[in-house]
Amino acid sequence: MRTVAIAIHDGVQALDVAGPVDVFHEANGYLPKADQYQTVLVAAERRPLRASNRMQMLADLAFEEASGEFDILLVAGGPDLPDTAPEPRFIEWIRTAPRRAGVYGSICTGAFALGHAGLIDQRRVTTHWQNAAKLATRFPQAQVDPDAIYVCDDRLVTSAGVTAGIDLALALVGQNHGPQVAGMVAKRLVVVAQRQGGQSQFSPYLTAPADAGSPGARIQAHVMAHIGQRHTLESLAAEVGMSPRNLARYFVRETGITPYEFVQRARIDAARMMLEAGDRPLKTIAYDCGFGTVDRMRIVFSERLGVTPAQYRASFRQHAAPPAMAPRARP
């Protein structure tokens, strides 16, 4: 059988574990016994652990017992990993992953544990979109892709946040047994075998400036309040009483992007909110958000988010809430 080890820890994200485990388990129903998966949970000790949602988990093996080789070895993430290094025993066991597993890697913020173990230097990796910048800062030699749902860099595999562990596990099943088996597993789990677009469609492009009274914040507020208008470097500079040249330098220094890039991101975020909120025609949204035409908005969405506006609306539209359950009558 193919052996899969998933390293867990106190505060682990439960779906980082359950998602891949279910994929490999469901795959067994479509495979001959010799090709089936046997999944074990591995931790520092064989004692009950609490996931971040307070669910209790119990490892099958302690690190000293898991000294053999595995076909796949994955490190599950958790909300604390971006800010707190795992205990030394955890890091030391992970450090041996390249020589004890055919494929090794992480789910979600488990990439931070790989980083502490020295396994992502000069390698292309991903993690949850909220933590991608922090991963790149903490481990500057890693090549962090903030948009990928999962990344396969030779034998090293990493996934984006939480449910993306399912995507990664499906991809591994597809590599081992073909897309038909992966597709049947995806149908069984009621998920798509291959998502459209990347993580960008889940993450807001804009963040609030630290100093609400700064020229950069004033420009951002002005653009958002007049999102449908045409904005040029000259018009933005006039808004804050700066020369275009000084504004261009200041804006990049303070925000890390050019004024043009900010306007583009602002238009995308404004359009996303409208697409999520109702049924306004695409041409109206395109005009109101400053894209001008539906075709131009479609091009920008496809380039930046990997999906069209129509596909985005289908995935993220806010549907009406289900009817409330009536209270049970007391006897």
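Placed above this text is the structure.
These numbers were taken from a predicted model, which means no experiment stands behind them.

1. Focus: the pairing of strand 7 (residues 101–106)
Turning to step 1, where the next piece is worked out: Both strand 6 (residues 70–75) and strand 7 contribute to a ladder of five bridges, which runs parallel. Across the sheet, residue Leu73 finds its bridge partner in strand 7, namely Tyr104.
Turning to step 2, where the next piece is worked out: Where strand 7 lies against strand 11 (residues 156–159), three bridges are found, and the strand directions are parallel. Following the sheet pairing, Gly105 is matched in strand 11 by Val157.

2. Concerning the packing of aromatic side chains
Turning to step 1, where the next piece is worked out: Inspection of every chain in the model, using the stated rule, returns six aromatic pairs.
Turning to step 2, where the next piece is worked out: Between Phe63 and Phe90, the aromatic rings sit 5.7 Å apart at their centres with planes inclined by 65 degrees, giving edge-to-face as the arrangement. With Phe63 in the loop between strand 5 (61–62) and strand 6 and Phe90 in helix 2 (residues 88–95), this pair connects stretches of sequence that are 27 residues apart.
Turning to step 3, where the next piece is worked out: Between Phe63 and Trp93, the aromatic rings sit 5.0 Å apart at their centres with planes inclined by 15 degrees, giving stacked as the arrangement. With Phe63 in the loop between strand 5 and strand 6 and Trp93 in helix 2, this residue pair connects regions lying 30 residues apart in the sequence.
Turning to step 4, where the next piece is worked out: You can call Phe63 buried: its relative accessible area is 7%.
Turning to step 5, where the next piece is worked out: Assessed through its relative accessible area of 6%, Trp93 is described here as buried.

3. What to know about the packing of helix 11 (residues 259–277) against helix 14 (residues 309–316)
Turning to step 1, where the next piece is worked out: Direction vectors running N to C along helix 11 and helix 14 enclose 55 degrees, while the axes themselves pass 8 Å from each other. Looking at the two axes, helix 11 sits oblique to helix 14. Between helix 11 and helix 14 the crossing geometry is right-handed. Contacts from Arg272, Met274, Leu275 and Glu276 of helix 11 reach helix 14 at Pro309, Tyr312, Arg313 and Phe316.

4. Quick look at helix 9 (residues 233–240)
Turning to step 1, where the next piece is worked out: Inspection of helix 9 places Leu236, Ala237 and Val240 among the buried residues, and these make up the whole buried set. End-on, the buried residues of helix 9 take up no more than an arc of 100 degrees, which puts them together on one face.
Turning to step 2, where the next piece is worked out: Check the buried side of helix 9 and you find it contacts helix 8 (215–225), helix 10 (244–255) and helix 11.
Turning to step 3, where the next piece is worked out: Looking one or two places after helix 9, you find Gly241, whose phi comes out positive at around 70 degrees.

5. Describing the environment of Ala248
Turning to step 1, where the next piece is worked out: Inspection of the secondary structure assignment puts Ala248 in helix 10.
Turning to step 2, where the next piece is worked out: Linking Ala248 and Leu233, residues 15 residues apart in sequence, is a C-alpha distance of 7.5 Å.
Turning to step 3, where the next piece is worked out: Apart from the residues within four sequence positions on either side, Ala248 is in contact with Leu233 and Pro259.

6. Here we look at the pattern of salt bridges
Turning to step 1, where the next piece is worked out: The tally for this structure, following the rule as stated, stands at 17 salt bridges.
Turning to step 2, where the next piece is worked out: Of the charged contacts in the structure, one is a salt bridge between Arg95 and Glu92, with a shortest N-O distance of 2.6 Å. Here Glu92 and Arg95 lie together in helix 2, a separation of three residues that amounts to about one turn.
Turning to step 3, where the next piece is worked out: A salt bridge links Arg123 to Asp153; the nearest nitrogen and oxygen atoms lie 3.4 Å apart. Here Asp153 lies in strand 10 (residues 150–153) and Arg123 lies in the loop between helix 4 (110–116) and strand 8 (124–125), a separation of 30 residues in the sequence.
Turning to step 4, where the next piece is worked out: Three or more residues are tied together by salt bridges with common partners; here these are Asp10, Glu45, Arg47, Glu87 and Arg89.

7. Structural notes on the sheet that holds strand 6
Turning to step 1, where the next piece is worked out: Pairing in this open sheet of seven strands is mixed, and the strands run 5-2-1-6-7-11-10 from one edge to the other. Two strands bound the open sheet, and with one partner strand each, they are strand 5 and strand 10.
Turning to step 2, where the next piece is worked out: Judged from the four bridges that link them, strand 10 and strand 11 form a sheet pairing that is antiparallel. Among the inter-strand pairings, Cys152 is bridged to a residue of strand 11, identified as Val157.
Turning to step 3, where the next piece is worked out: Helix 1 (residues 14–28) rests against strand 1 (2–7), strand 2 (37–43) and strand 6 of the sheet, and its axis sits at about 160 degrees to strand 2.
Turning to step 4, where the next piece is worked out: Helix-sheet contacts for helix 2 involve strand 1, strand 2 and strand 6, and the interaxial angle to strand 6 is about 145 degrees.

Scoring rules and cut-offs
Residues numbered from 1 in each chain as written. Predicted model: local features only at pLDDT ≥ 70, side-chain atom pairs only at ≥ 80, totals over all residues. Heavy atoms only, no water. Pairing = 2+ DSSP bridges. Helix = DSSP H or I, 4+ residues; strand = E, 2+ residues; numbered from the N terminus. Phe/Tyr/Trp six-rings, centres within 6.5 Å; stacked < 30°, edge-to-face > 60°. Buried < 20%, exposed > 50% of the residue type's maximum accessible area, 1.4 Å probe, protein only. Axes fitted to C-alpha atoms, helices over the stretch in contact; angles between N-to-C directions. Parallel < 35°, antiparallel > 145°, perpendicular 65-115°, else oblique. Left-handed = near helix turned anticlockwise from the far one by under 90°. Contact = heavy atoms within 4.5 Å. Arc of directions from axis to C-beta. Salt bridge = Lys/Arg side-chain N within 4 Å of Asp/Glu carboxyl O.

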